[in-house]
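Observations on the model geometry
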Amino acid sequence: MREQNLFDKIDLHLIRVLHTVLIERSVSKAAIRLGMHQPAVSAALKRLRDLSGDPLLVRSGVSMLPTDTALRMVDPAANILRSAEALFSDARGFDPRTATRTFRVMANDYLDPLFLPRLVARIKAQAPLCPIEVLPLSADVHYQAHLAQGDVDLVIANWPKPPDELHLGRLFSDEVVCMVSNDHPVVRRGWDRDGWLSAEHIAPTPTYPGAKGVIDLQLDELGLTRNVAARCAHFSLIPDIVATSLLVLTTGRQFCQRFESRLPVTILPCPVAFQPLHYYQLWHSRSHHSAAAIWLRNTVREVVLSLRRS
């Protein structure tokens, strides 16, 4: 009987406040994210403390930290909110004009620099009430677990061998080219394979120690090694580095072409015969038949097609 009385005191809004406060670790930040007044969030937090018999957030210096009990609540609260979000939307079909569910896309910045801005713009134009979160695909992200738990709707990447247990939708293939500064000597004199290998290259920082990107994995298969003189964790910054140095960037043509008009750079054919780069979107079986997730995947494909035509 006590459990039923406790359940009757909990509503979905209270769960949403709980999750947001624990993620933000701040009542004021949670109020901004929830679109509520701070006293209302404080009142909800007091109710949550009374219900749980735990302070949930405690002060540590100038910041607030969740208690052990609160940390155990984060994942269950997130699961409740995701389930509630999908409970009726997919059952009634997905109407982007009135839907309010949140879309979460995880991607690295090797993509065409126009892709994510256009994707966000397309989603907000067609589904104006749906929040969109773009999450980084970094070294410490276990994207398969995030997909399986429903924390993420899609992962967009270009690894040579994507996991077999996930659904895959091919987006496009791209020719491998080189980008150099207009002042690089190779622009005038050209190069062969040995000249390319000995040139100073810039490459993305490995996602974990010992990891290799698509270019270096293909070089391994050919029994070749290039001279990587610099690495950068932010791929989108590399073109600016190339423009002011004698470093060589080797990647997809579509990415490089976006910088030709903005930076003093030249795109050159690569003297090594690389296989094309293949880009795709990945999703989990749990969202395979979701009307909202299908709409999102179709939107991604539409944006990719629009970029290929531009």
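A few points on the structure. (Residues numbered from 1 in each chain as written. Predicted model: local features only at pLDDT ≥ 70, side-chain atom pairs only at ≥ 80, totals over all residues. Heavy atoms only, no water.)

**Thoughts on the sheet that holds strand S4 (residues 132-136)**
The test is simple: Strand pairing is defined by DSSP finding a minimum of two bridges between the two strands. Counting from the N terminus, the helices are DSSP H or I runs at least four residues long and the strands are E runs at least two residues long. Axis definition: a line fitted to C-alpha atoms, over the contacting stretch in the case of helices. Angles run 0 to 180 degrees between N-to-C directions.
Spatially, S4-S3-S5-S12-S6 is the arrangement adopted by the 5 strands of the open sheet, whose pairing is mixed. With one partner strand each, in any of the chains shown, S4 and strand S6 (167-174) form the two edges of the open sheet. Recorded for the sheet is a direction-independent mean angle of 20° between the axes of neighbouring strands. As judged from the 3 bridges shared by strand S3 (residues 103-107) and strand S5 (residues 154-157), these two strands associate in the parallel manner. What sits directly across from Met106, in S5, is Val155.

**Describing the pattern of salt bridges**
Here is the rule we go by: When a carboxyl oxygen of Asp or Glu is within 4 Å of a side-chain nitrogen of Lys or Arg, the pair counts as a salt bridge. Between buried and exposed lies partly exposed: a residue is buried under 20% and exposed over 50% of the maximum accessible area for its type, with that area taken using a 1.4 Å probe on protein chains only.
In this structure the tally under the stated criterion is 12 salt bridges. Among the ionic pairs, Arg33 bridges to Glu133, the shortest N-O distance being 3.7 Å. With Arg33 in helix H3 (residues 27-34) and Glu133 in strand S4, this residue pair connects regions lying 100 residues apart in the sequence. Assessed through its relative accessible area of 26%, Glu133 is described here as partly exposed.

**Observations regarding the pairing of strand S7 (residues 176-181)**
For S7, a buried count of 6 out of 6 residues is recorded, marking the element as mostly surrounded by other parts of the structure. Sheet analysis places S7 next to strand S10 (residues 249-252), joined by 4 bridges and oriented antiparallel. Opposite Val176, over in S10, you have Gly252 as the bridge partner. Two elements, S7 and strand S11 (residues 265-269), share 5 bridges in a ladder whose sense is antiparallel. Bridge pairing in S11 places Met179 opposite Ile267.

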